[in-house]
Amino acid sequence: MWILVLTLTLLFLGAVYFDRHSGWFDKQVYSPYANAVMLDSYQPKSGASAAAAQGKRVYEQICGVCHGVDGLGKPGQAPPLAGSDWVIAKGHNRLAHIPLAGINGPITVGGKSWNLGMAAMGAALSDADLAAVLTYIRSSWGNKAGEVTADDIKAVRASMSRPQPMSLDQLMALPE
Amino acid sequence: MTVNETQTDKIDASCRVPLLVLFGGAALWLVVGSLLALAASLTFHMPDKFGDCPWGTYGHLQPAADDALLYGFCIPAGLGVALWIFARLGQVPLRGALVPVIAAHLWHVGVLVGLVGIFVGDSTGFQWLEFPRGGSALLFFAYLLIGLWALMNFSGRREVGMFPSHWFLVAALFLFPWIYSTANILIVGWPVRGVVQAVIAWWFGNNLVFVWTSLVGLGTAFYFLPKFSGRPLQTYFYALFAFWTLLFFGSMRGVPAGAPVPAWLPTLSSLNSLMLVVPVIAIAIIGWKTVVGAAGQECKGGSFCMVKFGYVAFILSALLLIAQSCPVIGRLTQFTWFGTAQTQLQLYGFFAITMFGAIYHILPRAVGIEFAFPKLIRVQHWLAMLGVFILVASLAVGGVEQGMKLNNPAVAFADSTKAMLMFLRVSTTGLLFILLANLLFALNIFVMILAWKWSLVKSVFAFVISPLNKTEVKA
Amino acid sequence: MKNGFVIFLAAFAMMFTSWSAFVLGPQLQLGREKQVPVLNSTEVYPRSRPGEANQGLQIYRVNGCAACHTEQVQQDGVACDLVLTSVGKNEAAVRNAFEDGVKQNNWPLTPSQDLQVKGSPEILLHNVSKEIAEAASDKITAAGGKVEIHIVAVGPDIARGWGLRHSVAEDFLYDNVVQLGSLRIGPDLADVGARLADANWQLLHLYAPKSVVKDSLMPPFRYLFETRKIGDAPSPDALNLPSGFTPPAGCEVVPTPEAKKLVAYLLSLHADVPLYDAPFTPVVVAKP
């Protein structure tokens, strides 16, 4: 009967529609993507912008609690990072040691002395994430210093034998 | 009186008390639901007046109104009509009517517990499933009892052949316990993780609001339309085809397009919704061929009119449902009042009005008393039709307008809500008409219940004061 | 069909198919989801909500907020932006390559754009297809410039700022009640914690929506707040209401714990992290 023919035709068209739009039951294919191949082709490559956003996110979750989301520090908790010589130094070696090893004893930031100690907050981060955070703080709030790459962090980590919280003298003894 | 007529009277009388309890409670919840819906609608016109008490917020009122309509009116009315149709078609009176009576009372208590639960703050948060556990357990248990009794009556039938109404009603009887238990266990009882809850909730909502009501409403229509038109259902093949395709495609849908689930779910859902075109065509053909040109009853605002109107409303509601699943229209109407309009058309315009027609036919025969206000039946019918038309048209058009504004990022969100206000005002008027219609319906039902109770009292009284027979007096 | 049993069996089969497709299937596929990695990072997503926010979700559920608000962002498509990060040594060559591409290959420009390459970083091409972006990238890299292709989500929800990408199953992993919503009488809330991060604004909006959103249809949730006489000193929690909504003289409006929990939940709603199944290139807004 004609209605059966109509049903079968619609079923066929439906199957074509399903083929085009369903992603064939793939768990990761959601509506604007037609299939897994298309989804894969639209994955963003990690460029500078991605790293900057990643750095901002990690900063706000881990560092910003004490150093402030605005980088101005909090008295009694952490010194400011905006305009800090430690942050905008040409080399990144001393800066990278701070989150990887921590600080013990007084340290001068912006003319003021801070003696609060710092745990090795960056020791648990991956090379990429720590590099992203350091790049972020070096390019935010008026700071204009160069980026830090994941390889740089890897090299610094490799050079640290047994990370202990560093004192001001030990930090100044490092090459910049 | 012929033997057949006394048999029919016996069958009708056997259903008397269960139907009175089911339909009486249903009428009460219908009125309660309309009042709640009207209050919910008013919160948009005077938002500031409703802020002091949790019960006055839209988030409490609207779910309660929806559930009162669906669980309070639609399901008990459907169960009652199914009981009666099984008894009549099978030519076997309903035995052991005490159990369905108790079950019907349990059902109404369950609805009360559920509605109070929503207001007290125990709502589960999922649409159509808001009743807290206590209420749903009562509902499930009560449905099982009534369904079991209907099935026992069906299996004990004298008339061995099966009518199309049988298929639809039997399928519906099985459907509800399955979907209700699954949804309550997997969402409320031992919740599944994450977005699967939403998928099951959509599946449940579709199967209850669309599939169950369509099955019961069409089963009822396929009983009454041939009866009123005076000729058999045209044709058996189309009815069979409509049954299978409606059940299959109708139950395999429900997930909205663009939902936060992998793409195969909304795609599967959309394509099955589009396939629904096929049963809708078949059902339209059945209706046309059975009713048009038949030398049956005149349409005088009575049961025949109501069942016909409900039938047309079903076709329209299904078409709106299919439209919502088309890629272009769906993108426009999702998250708007259009979906509400389609649901109201399905629940009230189709199902409730079909039930009105059935109940107006069944109840006088079951109870043996005529309605006290027969002229009000026609008035109620016109009010209900008018109310549904105003409500659905205003929400549907308003929904499209809202969708166009939502999809245009240049339009501020506040403008899309402002544009809706006029349509909401019109829809409130529609709700008012519906409330009036429901009040008239409830009036007829309640007066009949009172009349029946009074006749019971009179018969007991007559028995008590009747003169004793000589043989009964001991010397 | 004369046999009731046949009907029962066939109807059972159909309902079983429906149950398998929409209950069993999703549960097998999504029911044992775990955290997923964030794109280009070692983080995982989502983080579980703090306890107050979880309790706030229950308050959201109980008050029927899902009746008016959705929590799902939709995306109509995906496109690419071509961003110039460095002009390299030969700025003129890069500029020529760009003009060439626009004229000969019909690279689409936004209405307000001209052909000048102003300096990096700069979005050269906005919302173009992948093929055009890749061809443009090749051409400009050949001329000595450095470009990046950014993936951007496209859709009215995205354009309104309601989210940066469409919602996915992982967004709701730790919701013990998933409140997706189905009507947008109020705006979408999937990313409201990022968009309206101010707890005070949220509290004001709950108490008197019209005070912060003109012509709002939302009912004022005054029962979530307590209007009481000011004690020895004004409470630090007291709301700072604009004129027209202030309580009677000598009184202050203080949020109840429920209000605070609800606001904690709202502030925890974030959908701004790129994932494999919802990729986009996050962009840092330059700080002054």
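Predicted, not measured: the structure shown is a model, and the values here were computed from it.

Enquirer: Summarise the overall build of chain C; cite the residues concerned and give the values.
Expert: Counting its regular elements, chain C contains nine helices and seven strands. A globule of 288 residues ought to have a C-alpha radius of gyration of about 19 Å, yet chain C, at 26 Å, is considerably larger. Long-range contacts, defined here as pairs at least 24 residues apart, represent 77% of the contacts in chain C between residues at least 6 apart.

Enquirer: I'd love a proper account of the overall build of chain A, names of residues and values included.
Expert: The number of helices and strands found in chain A is eight helices and two strands. For a compact globule of 176 residues, the expected C-alpha radius of gyration is about 16 Å, and chain A comes in at 26 Å, more than 25% above that figure. Its C-alpha atoms give chain A principal-axis dimensions of roughly 95 × 30 × 25 Å. Scored against the burial criterion, the 176 residues of chain A give a buried share of 32%.

Enquirer: Hey, could you go over the interface of chain A and chain C for me, with residue numbers and the actual values?
Expert: Counting residues at the interface gives 24 residues for chain A and 27 residues for chain C. Among the elements of the structure, α2 (36-41), α3 (48-67) and α6 (127-138) of chain A are those that each provide at least two residues to the side of chain A that touches chain C. If you tally residues by element for the side of chain A that touches chain C, the top one is α3 of chain A, at seven residues. Class assignment for the residues of the side of chain A that touches chain C results in eleven nonpolar, ten polar and three charged.

Enquirer: Now, about the interface of chain C and chain B: what can you tell me, with residues and values included?
Expert: Listed per partner, the contact involves 61 residues of chain C and 64 residues of chain B. Elements supplying a minimum of two residues to the side of chain C that touches chain B: α1 (4-30), α2 (51-62) and α5 (156-159) of chain C. The greatest single-element share of the side of chain C that touches chain B, amounting to 16 residues, is contributed by α1 of chain C. Of the residues contributing to the side of chain C that touches chain B, the split by class is 36 nonpolar, 15 polar and ten charged.

Enquirer: Lay out helix α5 (residues 133-155) of chain B in plain terms, naming residues and giving numbers.
Expert: For α5 of chain B, which comprises 23 residues, the first-to-last C-alpha distance of 32 Å matches the rise-based estimate of 33 Å (1.5 Å per residue) to within 8%. Here α5 of chain B has its buried residues at G135, S136, L138, L139, A142, Y143, I146, G147, W149, A150, N153 and F154 of chain B. Packed against the buried residues of α5 of chain B are α3 (58-90), α4 (98-120) and α6 (164-189) of chain B together with α1 of chain C.

Enquirer: Lay out the sheet that holds strand β3 (residues 77-86) of chain C in plain terms, naming residues and giving numbers.
Expert: Residues and elements named next belong to chain C. The sheet built from three strands is open, its strands ordered β4-β3-β5 with antiparallel pairing. The sheet is open, and its two borders are formed by β4 (122-128) and β5 (146-154), each paired with just one other strand. Adjacent strand axes in the sheet meet at a mean angle of 20° when their direction is disregarded. Looking at chain direction, β3 and β5 are connected through nine bridges and run antiparallel. Within β5, the residue paired with S86 across the bridge is K146.

Enquirer: With reference to specific residues and values, describe the domain arrangement of chain C.
Expert: Entries for chain C in the domain assignment read domain 1 (48-73 + 161-267) and domain 2 (77-153). Spacing between the C-alpha centres of domain 1 of chain C and domain 2 of chain C amounts to 43 Å.

Enquirer: Pulling in residues and values, what's your account of the domain arrangement of chain A?
Expert: Split into domains, chain A comes out as domain 1 (2-41) and domain 2 (48-173). Its C-alpha centre places domain 1 of chain A at a distance of 51 Å from the equivalent point of domain 2 of chain A.

Enquirer: I'd like a description of helix α5 (residues 93-101) of chain A, backed by residues and values.
Expert: Of the positions making up α5 of chain A, those classed as buried are L95, A96, H97, I98, P99 and A101 of chain A. Residues of α5 of chain A that are buried sit in contact with α4 (85-88), α6, α7 (150-159) and α8 (168-173) of chain A.

Enquirer: Got a sec to walk through the packing of helix α2 (residues 16-45) of chain B against helix α13 (residues 337-367) of chain B? Specific residues and values, please.
Expert: Residues and elements named next belong to chain B. Following both chains from N to C, one finds α2 and α13 inclined at 140°, their axes separated by 9 Å at the closest point. Taken together, the axis directions place α2 and α13 in an arrangement best described as oblique. Once α2 is placed against α13, the crossing between them reads as left-handed. Taking contact as the criterion, the partners of R16, L19, L20 and F23 in α2 are, on α13, I359, I362, L363, A366 and V367.

Enquirer: Pulling in residues and values, what's your account of the nonpolar core?
Expert: F23, A82, F168, A172, V199 and I200 of chain B are the most contacted members of the largest nonpolar core, which has 233 residues in total. Setting aside residues up to four positions removed in sequence, A172 of chain B forms contacts with W212, L215, V216 and G219 of chain B.

Enquirer: Lay out unusual backbone geometry in plain terms, naming residues and giving numbers.
Expert: With omega at -10°, the peptide bond leading from Q234 of chain B into T235 of chain B counts as cis. One can find T235 of chain B in the loop between α7 (196-229) and α8 (236-251). For the bond from Y45 of chain C to P46 of chain C, the omega torsion is -5°, close enough to zero to count as cis. Following the sequence through the fold, P46 of chain C ends up in the loop between β2 (44-45) and α2.

Enquirer: Describe in detail the confidence of the model for chain C, supporting the description with residues and values.
Expert: Residues of chain C with pLDDT of at least 70 account for 95%, and the chain-wide mean is 87. Scoring of the predicted complex yields 0.88 for pTM and 0.92 for ipTM.

Enquirer: I'd like to hear about the environment of L171 of chain A, residue by residue, with values.
Expert: Residue and element names in this part refer to chain A. Looking at the secondary structure, you find L171 in helix α8. Along the backbone, L171 and N93 are 78 residues apart, and their C-alpha atoms lie at a distance of 9.5 Å. Sequence-distant contacts of L171, defined by excluding residues within four places in its chain, comprise R94, H97 and M166.

Enquirer: If you had to explain the packing of α5 of chain A against α7 of chain A to someone new, which residues and values would you point to?
Expert: All names here are of chain A. The interhelical angle for the contact between α5 and α7, taken along N-to-C directions, is 70°, at an axis separation of 10 Å. In this view, α5 runs roughly perpendicular relative to α7, as classed from their interaxial angle. At the point where α5 passes α7, the crossing takes the right-handed sense. When α5 is examined against α7, the residues N93, A96, H97 and L100 are found in contact with a partner set consisting of D152, I153, V156 and R157. In terms of residue class, the contact of α5 with α7 is built from four nonpolar, two polar and two charged.

Enquirer: Outline the environment of L169 of chain B, supporting the account with residue identities and numerical values.
Expert: Residue and element names in this part refer to chain B. Take L169: it is sitting in helix α6. A sequence separation of 275 residues divides L169 from N444, and the C-alpha atoms of the two residues are 27 Å apart. Here L169 is in contact with A82, I85, F86, V216 and G219, once residues within four sequence places are set aside.

Enquirer: For the environment of H21 of chain A, give the residues involved together with the corresponding values.
Expert: Secondary-structure assignment places H21 of chain A in helix α1 (residues 2-21). A tally of 22 C-beta atoms within 10 Å means that H21 of chain A is categorised as buried. Excluding its chain neighbours within four sequence positions, the residues that come into contact with H21 of chain A are A34 of chain A together with A263 and T267 of chain B.

Criteria and thresholds
- Residues numbered from 1 in each chain as written.
- Chains lettered and ligands numbered in written order.
- Predicted model: local features only at pLDDT ≥ 70, side-chain atom pairs only at ≥ 80, totals over all residues.
- Helix = DSSP H or I, 4+ residues; strand = E, 2+ residues; numbered from the N terminus.
- Rg over C-alpha atoms; globule rule 2.2 N^0.38 Å.
- Contact = placed C-beta atoms within 7 Å.
- Buried ≥ 20, exposed ≤ 12 C-beta atoms within 10 Å, placed from the backbone.
- Nonpolar A, V, L, I, M, F, W, Y, C, P; charged D, E, K, R; others polar.
- Expected span 1.5 Å × (residues − 1).
- Pairing = 2+ DSSP bridges.
- Axes fitted to C-alpha atoms, helices over the stretch in contact; angles between N-to-C directions.
- Domains from an automatic or database assignment.
- Parallel < 35°, antiparallel > 145°, perpendicular 65-115°, else oblique.
- Left-handed = near helix turned anticlockwise from the far one by under 90°.
- Core = buried A, V, L, I, M, F, W, Y, C linked by C-beta atoms within 7 Å.
- pLDDT = per-residue confidence, 0-100.

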